[in-house]
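Chain by chain, the residues run as shown.
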Amino acid sequence: MVAERGEHGIDFDEPCVARVYDYLLGGSHNFAVDRAAAERFSARVPDLAAGVRANRSFLRRAVRYLTGLGVRQFLDLGSGLPTAGNVHEAAPGARVVYVDHEPVAAAHGRTMLADVPRARMLAADLRDVDGVLGSPEVRDLLDLSEPVGLVMVGVFHNIGPDEDAPGLVRKYREALAPGSHLVVSAATRDSGDGFDWAERQTLLVDFHTFRRAEVAELFDGFELVDPGIVHLTRWRPDMAQPSDELVAKLPTVAGVGRL
Ligand SMILES: C[S@@+](CC[C@H](N)C(=O)[O-])C[C@H]1O[C@@H](n2cnc3c(N)ncnc32)[C@H](O)[C@@H]1O
């Protein structure tokens, strides 16, 4: 359950993106104000919940794939709340640092992880690479001389077009050991025939979409693993293939690259 009103600086009266996201994922770490906001969004964009769930499902498949390769530590940038099947739940035994810039998400996260010694929540802006990598959370829990799963799932739409997303990834890459992997999903504007992002952009301020070629640039210096950059539901699916109709509604691609 979520913390009580007022505890740890958690705001009960304003919707919080991470809690709205949790509600759309079917989680229980949200308040009435978040549920109302989620319902308002969903009324205007009916496929929103399906998109959020497909995104989290890709994250879990990618994390399980990496643990199968022996990756035992993860840095999850733009994590949201550490629940509803997030990284440490998908990778039992792995060490995980979650990073989110929303103070409310970080406050909730710390409370939720109080009894999980192998996972920490860091309140930071992922664009502050030195601040993230030099934080006590990362230095205490992760060993950067060993492979790391660098998770950047559903977060690039918050990085502006002139903020050099590939340069940002490069700075993280330069700090990682060989055998590390980059996990990305990103909303694309040149897939999903006829899909209109404008409606979403009215809901989500500064929602930035990518061209597929721009997503590929994020993997510079990494070797893409099979099946490459594909629709996120088609990256190593563990259930029946999604319908073409659902694929068309979710113009989001995903990939995993090995350093
Ligand atoms: C759409 S959610 C994705 C959550 C999770 N990664 C997933 O895919 O299921 C995006 C999260 O990224 C966080 N975020 C956005 N920009 C960020 C930044 N510059 N630094 C850190 N976190 C950021 C938001 O607060 C939000 O919780």
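Here, the structure is the one placed above.
Residues numbered from 1 in each chain as written. Predicted model: local features only at pLDDT ≥ 70, side-chain atom pairs only at ≥ 80, totals over all residues. Heavy atoms only, no water.

A few words now on the nonpolar core. In this structure, Leu75, Leu77, Val132, Met152, Phe156, Tyr172 and Val184 are the most contacted members of the largest nonpolar core, which totals 34 residues. Per-element accounting of this core gives the leading share, four residues, to helix α8 (residues 165–174). Listed in part, the 30 residues of the second largest apolar core include Ala54, Met121, Val225 and Val230. (Core = buried A, V, L, I, M, F, W, Y, C linked by side-chain atoms within 4.5 Å. Buried < 20%, exposed > 50% of the residue type's maximum accessible area, 1.4 Å probe, protein only. Helix = DSSP H or I, 4+ residues; strand = E, 2+ residues; numbered from the N terminus.)

Attention shifts here to the packing of helix α1 (residues 17–24) against helix α2 (residues 32–44). Relative orientation of the contacting elements α1 and α2 amounts to 70 degrees, with a least axis distance of 9 Å. Between α1 and α2, the angle falls in the class roughly perpendicular. In this structure, the crossing between α1 and α2 has a hand that is right-handed. Contact residues: α1 offers Arg19, Val20, Tyr23 and Leu24, while α2 offers Val33, Asp34, Arg35, Ala37, Ala38, Glu39, Phe41 and Ser42. Here the contact of α1 with α2 is composed, by residue class, of seven nonpolar, one polar and four charged. (Axes fitted to C-alpha atoms, helices over the stretch in contact; angles between N-to-C directions. Parallel < 35°, antiparallel > 145°, perpendicular 65-115°, else oblique. Left-handed = near helix turned anticlockwise from the far one by under 90°. Contact = heavy atoms within 4.5 Å. Nonpolar A, V, L, I, M, F, W, Y, C, P; charged D, E, K, R; others polar.)

Here we take up the pattern of salt bridges. Scanning the model with the defined rule gives five salt bridges in all. Glu163 is the partner of Arg127 in a salt bridge, and the nearest nitrogen-oxygen pair spans 2.7 Å. Here Glu163 lies in the loop between β4 (149–153) and α8 and Arg127 lies in the loop between β3 (119–123) and α6 (129–133), a separation of 36 residues in the sequence. For Arg127, a relative accessible area of 36% corresponds to the partly exposed category. Sharing partners across several salt bridges, the network here consists of Asp125, Arg127 and Glu163. (Salt bridge = Lys/Arg side-chain N within 4 Å of Asp/Glu carboxyl O.)

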